[in-house]
Amino acid sequence: MTTADSAKQTLAQLGVDSPEKVSSLFGGMRGFFDSAVSASEADWKALRDSWLGRKSGVLSLVTDNWLKPASPELKRVVGQELNKLKAHVEAVLEQKRLEIEAAAERAAQAREHIDLSLPGVERPLGTRHIIRQTYEELERIFLSIGFSVVQGPEIESPYYNFEALNIPEHHPARDNMDTFYIEGTRGRRLLRTHTSPMQIRTMEKQPPPVRIIVPGKVYRRDNPDATHSYMFHQIEGLAVDTDITFCDFKGTVEYFVREFLGPKAKTRLRPSYFPFTEPSAEVDATCHVCGGSGCRVCKFSGWIELFGAGMVDPAVYGFVKYDAEKLSGFAFGMGVDRLAMMKYGVSELPVLCQNDVRFLRQFP
Ligand code: 2NL
């Protein structure tokens, strides 16, 4: 008969008739429990039920079969031994439970552990593109003398892009601009060929004085090559007030050139033509490479063409209901790509838009 089965029999059936035999019987049961504990791996609940279960746990059987029917002489010692065994079983099971929980906790910790000493994920910061850097430099210069920045749509109506700028239909100035038309529900639209439309819109909306610069992308009919593209970046400027003279125009241009190219740069105005300015001028600066003595970059002229400008043609004021008799002003338009290429020594326009990191990394 196994030790477990012995709990199903009474003391009389087992032939236990003295306190010594009672102690040794309980000693055997305790040994059986201890070996059951070390043999049971994880099934703590099954172990607990088989020993402490109310209906058929070993201790219930011992109570029913050993204690209750025991003779009066043995009842005391059986009770004492049973209490000792019960205390032992409960203490060991509790200890076992704590061990299992601790092990589970350690396993969970190991699974979820975050090693703070590991190096983090490095996300390299990008840099500002040289077009952006040039824009910021140009904006800094004009903001420092009281201009504000205005931006507007790249899709414009022919009125704002041409008519209001004194460029009627069939005007030869449209030759390299009459392109990229869009048929829309609200009439013909086109990709703006300069940011001037936004200057017209600003003058329509606000009375003088006006001092604004308008940065943005513009689109033209051009055959792409090393220095031409159907899209380029522009920044236009406009100053209108009651007493702006050609001297203000020239002084502003000279200030700008010195800020952009350094204090040694000299400025030259060359007569030119734009439909929206009169007189019009090309602004040249002494060559930034040779300082004016002549080199390959300036084709040995000592001068580099920077941008176009002029006094606003009075005809433009008529379109925005400004009083051409009382007002005057100047305007200019710069190709930012050109200026960036000059400033950073880039010889080909296409690399500016190709996103090649070997190029971009050179301008941190
Ligand atoms: C160039 C030259 C220029 C302007 C743009 C302008 C705007 C208004 C009135 C008068 Cl609303 N003028 N803009 C004036 C002169 C030159 O651009 O070559 N740009 C790339």
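Use the structure listed above.
Now for a quick tour of the structure.

Calculation criteria
- All residue numbers refer to positions counted from 1 along the written sequence of the respective chain.
- A pLDDT threshold of at least 70 governs which residues receive local features in this predicted model, and a stricter bar of 80 or more applies before side-chain atom pairs are shown or counted, although totals over entire chains, interfaces and linings include all residues.
- For side-chain calculations, the full set of non-hydrogen atoms in the structure is used, while hydrogens and water are omitted.
- What counts as a helix is a DSSP run of H or I of at least four residues, what counts as a strand is a run of E of at least two, and both are numbered from the N terminus.
- Throughout, radius of gyration means the C-alpha value; the globule benchmark is 2.2 Å times the number of residues raised to the power 0.38.
- A simple rule labels every residue: compare its accessible area, found with a 1.4 Å probe on the protein chains alone, to the largest value its type can have, and call it buried under 20%, exposed over 50%, or partly exposed in between.
- Note on definitions: a residue-residue contact is assigned when non-hydrogen atoms from the two residues lie within 4.5 Å.
- Accessible surface is estimated by sampling points in the Shrake-Rupley manner with a 1.4 Å probe; for residues, cover comes only from the protein chains shown.
- Neither His nor the chain ends contribute to the count of charged residues, in which Lys and Arg are positive and Asp and Glu negative.
- To locate a charge, take NZ of a lysine, CZ of an arginine, CG of an aspartate or CD of a glutamate.
- Only buried Ala, Val, Leu, Ile, Met, Phe, Trp, Tyr and Cys residues count toward a nonpolar core, and they belong to the same one when joined by side-chain atoms within 4.5 Å.
- The axes used here are C-alpha line fits, helices contributing only the stretch in contact, and every angle between their N-to-C directions lies in the interval 0 to 180 degrees.
- Angle categories: roughly parallel below 35 degrees, roughly antiparallel above 145, roughly perpendicular from 65 to 115, and oblique for all the rest.
- In this classification, the charged set is Asp, Glu, Lys and Arg, the nonpolar set is Ala, Val, Leu, Ile, Met, Phe, Trp, Tyr, Cys and Pro, and all remaining amino acids, among them Gly, are polar.
- Note on pairing: two strands pair once DSSP finds at least 2 bridges between them.
- The term salt bridge refers to a side-chain nitrogen of Lys or Arg lying within 4 Å of a carboxyl oxygen of Asp or Glu.
- Whenever a nitrogen or oxygen atom comes within 3.5 Å of another N or O atom, the pair is scored as a polar contact, on the condition that within protein one atom can donate a hydrogen and the other can accept it, and that pairs from neighbouring residues in sequence are kept only if both atoms are in side chains.
- When at least one non-hydrogen atom of a residue lies within 4 Å of a molecule or strand, that residue is treated as near it.

### Describing the overall build of the protein
Here's step 1: Scanning the protein for helices and strands turns up 13 helices and 10 strands.
Here's step 2: Compactness check: the protein gives a C-alpha radius of gyration of 48 Å against a globular reference of 21 Å for 364 residues, more than 25% above the reference.
Here's step 3: Of all 364 residues assigned to the protein, the portion counted as buried reaches 42%.
Here's step 4: When contacts within the protein are restricted to residue pairs at least 6 apart in sequence, those whose partners lie at least 24 apart make up 66%.
Here's step 5: About 20,900 Å² of surface is accessible on the protein, with carbon and sulfur atoms providing 53% of the total.
Here's step 6: Computed over 45 positive and 47 negative side-chain charges, the inter-centroid distance for the protein is 3 Å.

### Brief notes about the nonpolar core
Here's step 1: Formed by 40 residues in total, the largest nonpolar core has its most connected members in L138, F256, V257, F307, F330, F332 and M334.
Here's step 2: Secondary structure elements with two or more residues in this core: helix 7 (130–143), strand 6 (231–241), helix 10 (246–261), strand 8 (277–286), strand 9 (303–312), strand 10 (328–335) and helix 12 (336–344).
Here's step 3: When residues no more than four places from it in sequence are discounted, the contact partners of F307 are V253, F256, A281, E282, V283, F332, G333 and M334.
Here's step 4: Residues V16, L25, W51 and L82 belong to the second largest nonpolar core, which totals 27 residues.

### What to know about the packing of helix 5 (residues 58–67) against helix 6 (residues 72–112)
Here's step 1: In the contact formed by helix 5 and helix 6, the axes pass within 11 Å of each other and the chain directions differ by 175°. Relative to helix 6, helix 5 is oriented roughly antiparallel. Between helix 5, through L59, V62, T63, W66 and L67, and helix 6, the contact on the second element is made entirely by K75, V78, G79, L82, L85, K86 and V89.
Here's step 2: Of the residues in the contact of helix 5 with helix 6, the class split is 8 nonpolar, 2 polar and 2 charged.

### Structural notes on the sheet that holds strand 8
Here's step 1: Here we have 7 strands laid out as an open sheet, ordered 1-5-6-10-9-8-7, and mixed in their pairing. Taken across any chain shown, the strands that pair with only one partner, and hence form the sheet edges, are strand 1 (148–149) and strand 7 (267–274).
Here's step 2: Lying over the sheet, helix 9 (residues 196–205) contacts strand 5 (210–219) and strand 6, oriented at roughly 30° with respect to strand 6.
Here's step 3: Sitting on the sheet, helix 10 is in contact with strand 7, strand 8, strand 9 and strand 10, with an inclination near 150° to strand 9.

### Description of the pattern of salt bridges
Here's step 1: Applying the stated criterion to the full structure yields 21 salt bridges.
Here's step 2: For D323, the salt bridge is made with K326, and the minimal N-O distance between the two is 3.4 Å.
Here's step 3: Residue class for K326 comes out exposed when judged on its relative accessible area of 57%.
Here's step 4: Salt bridges here are not isolated pairs; linked through shared partners, they connect E137, R140, E259 and K343.

### Section: the side chain of T202
Here's step 1: Within the secondary structure layout, T202 lies in helix 9.
Here's step 2: Look at T202 and you get buried, because its relative accessible area is 8%.
Here's step 3: Separated by 2.6 Å, the side chain of T202 and the backbone oxygen of M198 make a polar contact.

### Remarks on the site of the ligand
Here's step 1: Near the ligand there are 15 residues, and of these Q199, E236, F276, A331 and G333 occur at the shortest range.
Here's step 2: Here E236 contributes a side-chain N or O atom positioned 2.8 Å from a nitrogen atom of the ligand.
Here's step 3: If the ligand stood free it would expose 490 Å²; the protein chains cover 91% of that surface.
Here's step 4: Where the shell around the ligand is concerned, the elements lending two or more residues are helix 9, strand 6, strand 9 and strand 10.
Here's step 5: When residues in the shell around the ligand are grouped by element, the largest group, 4 residues, is from helix 9.

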